Amino acid sequence: MWGFLHFLQRTYHYLLFIVLQVTAFMLLVSKNPYQRAEFLSTGVAISGGLYSFTSTFTQAFVYKDANEKLAAENVMLKNMLAGKTKLNLPSFPYSDTLELATYRYSYAKVVNNSVNKLGNAITLNKGLAQGMRVGLGVVSSHGVVGVIKGVSSNYSVVLPIINSQMRISSKLKHTGYFGSLYWDGRDYRKAHLEGIEHYVQISVGDTVVTSGYGTIFPEGMLIGTVDKLDLSADGAFYDIVVNLSTNYKKLSYVEVISNINAGEQAKTEGEQTTNE
Amino acid sequence: MVVLFIGLQVFILNNIQIAGFVNPYLYIYLILCLPVNAPKWLVLSLGFGVGTAIDYLTATPGLHASATVFIAFVRLILLPMLLPLSRTEDENWPTVKYFGWSWFLRYIVIFTLLHHTLLFMLEAFSFKLFWFTAIKIVASTIFTLLLLVFTQRIQYSSEDRM
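Keep in mind that this is a model prediction, so the values were computed, not measured.

Visitor: Could you give me a rundown of the overall build of chain A, with the residues and numbers involved?
Guide: Of the regular secondary structure elements, chain A holds 3 helices and 12 strands. When burial is assessed residue by residue, chain A has 32% of its 276 residues classed as buried. Excluding contacts between residues fewer than 6 apart, the proportion of contacts in chain A whose partners are at least 24 apart in sequence is 56%. Carbon together with sulfur atoms contributes 60% to the accessible area of chain A, which is approximately 16800 Å² in total.

Below you can see the structure in the form of structure tokens.
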């Protein structure tokens, strides 16, 4: 008891200070119109911030279904569009691959993603059972994402452009010159395009798209825009820095492209090389 | 003595208050120059009382009371650390007379800055006008410091003559 009183005697000034300070503060915010308004508006700002914070979560749940529906619808529309790419010349009978829908789209959700390693990878929630195969191209609504490099029955792993092992055949949209796009392992927003000859007219801001060579991507899918130009050490080629159009930090739904004729094309190409 | 001082300071202060943009607050002299061994409850209550008196005269309830109680509290904690170890029992007032000008200047700079910072922050009550508030704090602090030095000077020289 005496100990407690002694303690109180030594520390009462803390208590007294708090009581007086709280009293002054209460007076301040209750009797002064300006401070009162600021005080109240701070309260509103805090609760407002809290509400918008919680609503991002609730909205994520509410819009999850909507997102999925939209992704499915996009894929359906793209498939319809891909089927329409035949030449509309009824008087001229023809039969070739232009008539067919060469590419088929399906969608998948990104369930895991990395942007800060040399060997970045993206995991999708669809696998063999949903028609995913090794070597299919992956794009988002903003542009090319990468290529599927591994599949299990329900998941697939994509090597994105921002994986140092990845190379994608790309070209400059308006000149048509093509080169090889690779990533130097630094910035997830930038890749390098090499193999474009020094005499090609290029300016900053030019669009870089897929070349359409190979069977993975259709021609002309957006990859990014030219950010910086440099000549390589020997002066024969450009080293072009490309601003990637896909934001790898924000990926949620992607589309997987399968080339229906890929097998036939590869087979023909294979026959050709074995013949040589 | 202390009661007399309150009245005097409040009247001086009330007049200086009218000055406008830059407001020196000389009244903190009352708290700063309390005896070193003054009871804690007295220091705190006096801080609150003086602050409230100013608030009453300037129609800003709680504003000066809050800032002054704060420096009164900090003074309780900080003053024993600031005082020179060689202090004797007679040197019971934190004034130039006992501790010299350089010590006194350091002492009043710390507490004036603390008091004015809290006061103007509470007056603005938001960080919207942060730089304007900062300028006010610095300008008023300089003004108050000048007045504090002046006051101390008068007291010092009058005591000298006695």
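The rest of the description comes next.
Visitor: Explain the environment of A:Gly214 to me, and be specific about the residues and the numbers.
Guide: Residues and elements named next belong to chain A. Inspection of the secondary structure assignment puts Gly214 in the loop between β9 (207-210) and β10 (222-231). You can call Gly214 partly exposed: its relative accessible area is 39%. Through-space distance from the C-alpha of Gly214 to that of Ala266 is 8.6 Å; in sequence the pair is 52 residues apart.

Visitor: Go over a nonpolar patch on the surface, please, and point to the residues and values.
Guide: Residues and elements named next belong to chain A. A grouping of Trp2, Phe4, Leu5, Phe7, Leu8 and Leu15 is seen on the molecular surface, where their side chains present a nonpolar patch of about 660 Å² in accessible area. Within the secondary structure, Leu8 is located in helix α1 (residues 2-31). Using a relative accessible area of 33% as the deciding quantity, one classes Leu8 as partly exposed.

Visitor: Lay out the pairing of strand β11 (residues 237-244) of chain A with the relevant residues and their values.
Guide: Each regular strand displays side chains that alternate between the two surfaces of the sheet. Residues and elements named next belong to chain A. Sheet topology note: the strand β8 (residues 190-197)/β11 ladder contains 7 bridges and is antiparallel. Paired with Glu194 across the two strands is Asp239, which belongs to β11. Hairpin geometry of β10 and β11 is characterised by an intervening segment of 5 residues between the two adjacent antiparallel strands and by a positive phi of about 75° at Gly235.

Visitor: Which residues make up the side chain of A:Thr210, and what are the values?
Guide: Residue and element names in this part refer to chain A. On the secondary structure map, Thr210 appears in strand β9. Among the polar contacts made by the side chain of Thr210, one reaches the main-chain carbonyl oxygen of Pro218 at a distance of 2.7 Å. A polar contact of 2.8 Å, which involves the side chain of Thr210, links it to the backbone nitrogen of Met221. Those residues within four positions of Thr210 in sequence are excluded, and the remaining contacts are Val144, Ser169, Ser170, Lys171, Phe217, Pro218, Glu219, Gly220, Met221 and Ile223.

Visitor: Before we move on, could you go through the environment of B:Lys136 and cite the residues and values that matter?
Guide: All names here are of chain B. Examined against the element boundaries, Lys136 turns out to sit in helix α6 (residues 130-161). Taking relative accessible area as the criterion, Lys136 reaches 16% and is therefore assigned buried. Here the alpha-carbon distance between Lys136 and Thr117, two residues 19 residues apart in the chain, equals 9.1 Å.

Rules behind the numbers
- Residues numbered from 1 in each chain as written.
- Chains lettered and ligands numbered in written order.
- Predicted model: local features only at pLDDT ≥ 70, side-chain atom pairs only at ≥ 80, totals over all residues.
- Heavy atoms only, no water.
- Helix = DSSP H or I, 4+ residues; strand = E, 2+ residues; numbered from the N terminus.
- Buried < 20%, exposed > 50% of the residue type's maximum accessible area, 1.4 Å probe, protein only.
- Contact = heavy atoms within 4.5 Å.
- Areas by Shrake-Rupley, 256 points an atom, 1.4 Å probe, with all protein chains shown as cover.
- Patch = residues over 30% accessible without salt bridge, like charges linked within 9 Å, V, L, I, M, F, W, Y side chains within 5 Å.
- Salt bridge = Lys/Arg side-chain N within 4 Å of Asp/Glu carboxyl O.
- Pairing = 2+ DSSP bridges.
- Polar contact = N/O pair within 3.5 Å; in protein donor to acceptor, adjacent residues only side chain to side chain.

All we've got here are geometric facts, nothing functional implied.
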